[in-house]
Amino acid sequence: MLRMNSEKTCPCGRGRDYNDCCGSLHGGMPAPNAEALMRSRYSAFVLGLEPYLLGTWHADTRPVSLDFAAEPAMKWLGLTVKRHEQADADHAVVEFVAHYKVNGRAHRLHEVSRFVRQDGRWFYLDGEFPGDA
Ligand SMILES: [Zn+2]
């Protein structure tokens, strides 16, 4: 588990202190909405928090594990949330673009993610990849 010092800016791009941002969600606080959960999952990817990622993945679509040990490693560079739409109280869509590098080459992930809320907690369900637009 990676320890962050208290003055570290959160990786999710909101410019807040990690402990006041995704850190509290990583510590067990429920995400207030799907966008907050999505940002906290991006931060968890940056920090390699596999248990958090699996724990916020819907049981129907959750993988058994995530391959953080894969080589070459992905280096996450930044996140931009483009859209957050709440369809009803328990369903939401978040569209985002994330940038990362593998082997020094830059890549761009553009995803429209679906989220559902169960028992007061948001979960990542699945995503579509609209391609570059
Ligand atoms: Zn954050």
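Small disclaimer: the values here were computed from a predicted structure and weren't measured. (Residues numbered from 1 in each chain as written. Predicted model: local features only at pLDDT ≥ 70, side-chain atom pairs only at ≥ 80, totals over all residues. Heavy atoms only, no water.)

**Considerations on the packing of aromatic side chains**
Part 1 of the argument: A complete count under the given rule lists 6 aromatic pairs for this structure.
Part 2 of the argument: Ring centres of Tyr42 and Trp76 lie 5.6 Å apart, and the angle between their planes is 80°; on these two criteria the pair is classed as edge-to-face. Of the two residues, Tyr42 sits in helix H2 (residues 34-47) while Trp76 sits in strand E1 (residues 74-88), which places them 34 residues apart along the sequence.
Part 3 of the argument: A residue is classified by how much of its surface remains accessible, and Trp76, at 17% relative accessible area, is buried. (Phe/Tyr/Trp six-rings, centres within 6.5 Å; stacked < 30°, edge-to-face > 60°. Helix = DSSP H or I, 4+ residues; strand = E, 2+ residues; numbered from the N terminus. Buried < 20%, exposed > 50% of the residue type's maximum accessible area, 1.4 Å probe, protein only.)

**Structural notes on the nonpolar core**
Part 1 of the argument: Among the nonpolar cores identified, the biggest contains 32 residues, and Met38, Leu79 and Phe115 are the most heavily contacted of them.
Part 2 of the argument: Per-element accounting of this core gives the leading share, 7 residues, to H2.
Part 3 of the argument: Phe115 has contacts with Ala34, Leu37, Met38, Arg41, Asp90, His91, Ala92, Val94, Trp122, Phe123, Tyr124 and Leu125, leaving out every residue within four places of it along the chain. (Core = buried A, V, L, I, M, F, W, Y, C linked by side-chain atoms within 4.5 Å. Contact = heavy atoms within 4.5 Å.)

**So, the sheet that holds E1**
Part 1 of the argument: Taken in spatial order, the 4 strands of this open sheet run E1-E2-E3-E4, and their pairing is antiparallel. Here the strands that pair on one side only, and so sit at the sheet edges, are E1 and strand E4 (121-128). Recorded for the sheet is a direction-independent mean angle of 30° between the axes of neighbouring strands.
Part 2 of the argument: Taken together, the 12 bridges between E1 and strand E2 (residues 91-102) define a ladder with antiparallel strand orientation. Paired with Asp88 across the strands is His91, a residue of E2.
Part 3 of the argument: Against the sheet, H2 makes contact with E1, E2, strand E3 (105-118) and E4, and its axis sits at roughly 165° relative to E1, the strand it touches most. (Pairing = 2+ DSSP bridges. Axes fitted to C-alpha atoms, helices over the stretch in contact; angles between N-to-C directions.)

**Focus on the environment of Gly55**
Part 1 of the argument: Here Gly55 is to be found in helix H3 (residues 50-55).
Part 2 of the argument: Look at Gly55 and you get partly exposed, because its relative accessible area is 44%.
Part 3 of the argument: Along the backbone, Gly55 and Asp17 are 38 residues apart, and their C-alpha atoms lie at a distance of 23 Å.

**Focus: the confidence of the model for the protein chain**
Part 1 of the argument: Confidence along the protein chain averages 93 in pLDDT terms, with 93% of residues attaining 70 or more.
Part 2 of the argument: Per-element confidence in the protein chain ranges from a low mean pLDDT of 96 for E1 to a high of 98 for helix H1 (residues 22-26). (pLDDT = per-residue confidence, 0-100.)

**Observations concerning the pairing of E3**
Part 1 of the argument: Where E2 meets E3, 12 bridges bridge the pair, whose relative direction is antiparallel. Residue pairing for E3: His99 is matched across the bridge by Arg108.
Part 2 of the argument: From the end of E2 to the start of E3, which pair antiparallel, there are 2 residues, and Asn103 there has a positive phi angle of about 55°.
Part 3 of the argument: As judged from the 7 bridges shared by E3 and E4, these two strands associate in the antiparallel manner. Counted as the bridge partner of Arg114 is Asp126 from E4.
Part 4 of the argument: In sequence, E3 turns back onto E4 through a hairpin of 2 residues, with Asp119 there showing a positive phi of about 50°.

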